[in-house]
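Each chain is listed here by its residues.
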Amino acid sequence: MGKKMMTSNPGSELDLGWLNSVHINTAAVYRRAANLQSRKAVKGPYQAAWLLRAVTCIDLTTLGGDDTESNVKRLCAKAAQPVSNDMLNALGFETGSIQTAAVCVYPAKVPIAYATLKKMGMEKKINVASVATGFPSGQYPLETRIAEIKWAVEKGANEIDIVIDRSLVINKMWSELYQEIKKMKEACGSAHLKTILAVGELGSFENVYKASLVAMMAGSDFIKTSTGKEAVNATIPVGIVMCRAIKEYWTKTGYQVGFKPAGGIRTASDSLSWLIMLKEELGNDWLKNSMFRFGASGLLGDIERQLHHHITGRYSSANQFSMG
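Residues numbered from 1 in each chain as written. Predicted model: local features only at pLDDT ≥ 70, side-chain atom pairs only at ≥ 80, totals over all residues. Heavy atoms only, no water.

The next thing to look at is the overall build of the chain. In terms of regular secondary structure, the chain is built from 13 helices and 8 strands. Taken over the C-alpha trace, the chain has a radius of gyration of 19 Å; the compact-globule value for 324 residues is 20 Å, and the two agree within 12%. For the chain, the C-alpha atoms occupy an extent of roughly 55 × 45 × 35 Å along the three principal directions. Long-range pairs, those at least 24 residues apart, make up 80% of the contacts in the chain between residues at least 6 apart in sequence. Accessible surface for the chain amounts to roughly 13,700 Å². Of this, 50% is attributable to carbon and sulfur atoms. Of the charged side chains in the chain, 38 are positive and 29 negative; the average position of the first set lies 5 Å away from that of the second. (Helix = DSSP H or I, 4+ residues; strand = E, 2+ residues; numbered from the N terminus. Rg over C-alpha atoms; globule rule 2.2 N^0.38 Å. Contact = heavy atoms within 4.5 Å. Areas by Shrake-Rupley, 256 points an atom, 1.4 Å probe, with all protein chains shown as cover. Lys, Arg positive; Asp, Glu negative; His and termini not counted. Charge placed at Lys NZ, Arg CZ, Asp CG, Glu CD.)

The next subject is the layout of surface pockets. Summary: where empty space remains is shown by rolling a probe the size of a single water molecule over the atoms. Roughly 320 Å³ of internal volume is contained in the largest pocket. Around the largest pocket, the lining is made up of 20 residues, and of these G228, G263, G295, A296 and S297 lie nearest the centre. Tallied by class, residues from the lining of the largest pocket come to 6 nonpolar, 10 polar and 4 charged. (1 Å grid on protein atoms, 1.4 Å probe; cavity = no way out; pocket = protein on both sides within 12 Å on 5 of 7 lines; lining within 4 Å. Points joined across faces, edges and corners; volume = space filled by probe spheres on them. Nonpolar A, V, L, I, M, F, W, Y, C, P; charged D, E, K, R; others polar.)

Another aspect to go through is the UniProt feature "active site" (unreviewed entry) in the chain. When the UniProt feature table is mapped onto this chain, "active site" (unreviewed entry) is found at K224 and K260. For the residues just named, distributed over 37 residues, the greatest C-alpha separation is only 4.4 Å, placing them together at one site. Residues from the named set that contribute to the lining of the largest pocket are K224 and K260. Among the structural elements, K224 can be located in strand 6 (residues 222-224). Judged by relative accessible area, which is 4%, K224 ranks as buried. In contact with K224, other than residues within four places in its own chain, are D161, T195, I196, L197, A198, M242, K260 and A262. At a separation of 3.0 Å, a polar atom in the side chain of K224 contacts the side chain of D161. Among the secondary structure elements, K260 is positioned in strand 7 (residues 258-260). Once residues within four sequence positions are removed from consideration, K260 is found in contact with D59, D161, K194, F222, I223, K224, T225, R293, F294 and G295. (UniProt positions renumbered as here; feature names shortened; annotations may be inferred. Buried < 20%, exposed > 50% of the residue type's maximum accessible area, 1.4 Å probe, protein only. Polar contact = N/O pair within 3.5 Å; in protein donor to acceptor, adjacent residues only side chain to side chain.)

Quick look at the pairing of strand 2 (residues 102-105) now. Because side chains alternate across strand 2, one face comprises the buried residues A102 and C104, and the other comprises V103 and V105, equally buried. Where strand 1 (residues 58-61) meets strand 2, 3 bridges bridge the pair, whose relative direction is parallel. In the strand pairing of strand 2, D59 is matched with A102. Pairing of strand 2 with strand 3 (residues 127-131), which is carried by 4 bridges, proceeds in the parallel orientation. From the neighbouring strand, V105 faces strand 3, where its bridge partner is S130. Chirality of the crossover, the property in question, places the unit of strand 2, helix 6 (residues 110-119) and strand 3 among those that are right-handed. (Pairing = 2+ DSSP bridges. Right-handed = clockwise from strand over helix to strand, strands pointing away.)

On to the packing of aromatic side chains, then. In the structure shown here, the tally under the stated rule is 7 aromatic pairs. Ring centres 4.8 Å apart and planes at 80° place the aromatic pair F292 and F294 in the edge-to-face group. A single burial state applies to F292 and to F294, both of which are buried. Here the aromatic residues F259, W274, F292 and F294 are joined through ring pairs into a cluster of three or more. The positively charged end of K252 is found above the aromatic ring belonging to W18, 4.3 Å away from the centroid. (Phe/Tyr/Trp six-rings, centres within 6.5 Å; stacked < 30°, edge-to-face > 60°. Lys NZ or Arg CZ within 6 Å of the ring centre and 35° of its normal.)

With parallel pairing, 8 strands are arranged side by side in an open sheet as 7-6-5-4-3-2-1-8. Looking along the sheet, the strands with just one partner apiece sit at the ends: strand 7 and strand 8 (294-296). The average angle at which neighbouring strand axes cross in this sheet is 25°, direction not considered. Inspection of the sheet shows strand 6 paired to strand 7 by 3 bridges, in the parallel sense. Within strand 7, the residue paired with I223 across the bridge is F259. Strands in contact with helix 4 (residues 69-80) are strand 1 and strand 2; relative to strand 2, the strand with the most contacts, it is inclined by about 160°. (Axes fitted to C-alpha atoms, helices over the stretch in contact; angles between N-to-C directions.)

A few words on the confidence of the model for the chain. A residue-level look at the chain finds 96% of positions with pLDDT of 70 or above and a mean pLDDT of 94. Under a pLDDT of 50 for its full length, residues 1-5 has, in the predicted model, 15 contacts with residues more than four places off or in other chains. (pLDDT = per-residue confidence, 0-100.)

Moving on, we come to helix 12 (residues 268-282). The first and last C-alpha atoms of helix 12 sit 21 Å apart over 15 residues, in line with the 21 Å expected at 1.5 Å per residue. Among the residues of helix 12, those classed as buried are A268, S271, L272, W274, L275, I276, M277, L278, E281 and L282. The inward-facing, buried residues of helix 12 abut helix 2 (26-37), helix 3 (44-56), helix 11 (236-253), strand 7, strand 8 and helix 13 (299-312). Among the residues trailing helix 12, G283 stands out with phi positive, at a value near 95°. (Expected span 1.5 Å × (residues − 1).)

Here's what the structure looks like:
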């Protein structure tokens, strides 16, 4: 379950003919989602193994207006040891063998996150992800959005979670969207680009699919559902649509792009639903943190409760595993 570095998607030329050929059968998407969600949950030791896999795919996140230096340091400490050694040992894993994939913070908190992980000797095991480009709205001049990316990378971020200008999708301005994301990819340098579509504000599955394709053509290494700040965030139906776009892009270009659902994913059961969907839609090659992430803050605590129950047969209180 060790962390593997992601490969970069070089992108491709913008293919408007490809976009124009897109048609989504909405009823079929909902039927597929209902079928996936009706599956019986994984039980026993298999469930514990899947939940530990989920932990390694978490971008442990704090994106509050009241974030402090101590908040970020606690986040990094939790990312380095997301599950107690006692629980790991009881489950047959070595002490210190599990970390989250990344910590995700605002650009101003990147220096603290990077310095904290480096001091812990974890900077090569845990990525520093920074939101950027006028998160969460994206309604800022392109020049300042590009500058924000460059600043965050310079300060230690090796993953950048950008947010698109949703108006470009709503107005079908695909070339403009492509050019903006392409410039953002260039600004990332060696850092990986994760593109947030803010699907709850795009209006239709067709727009989600087309925006996914444009983001990948422009060089996105991951596509991500949401900022977590919209009224509607990650849902299984929209996940299916985005994963189908990833699969089509992979089939046509040979490049694998990762997937990151974010917003509203709070329970261990939620994480299992997403992993099952991913396995069914994209296969085992995506069941690793180089290809899949959860954007979450509260998810880890519930996974710990479920693992504790698996080991002891008892449920702990919800606050026992909080970072507060």
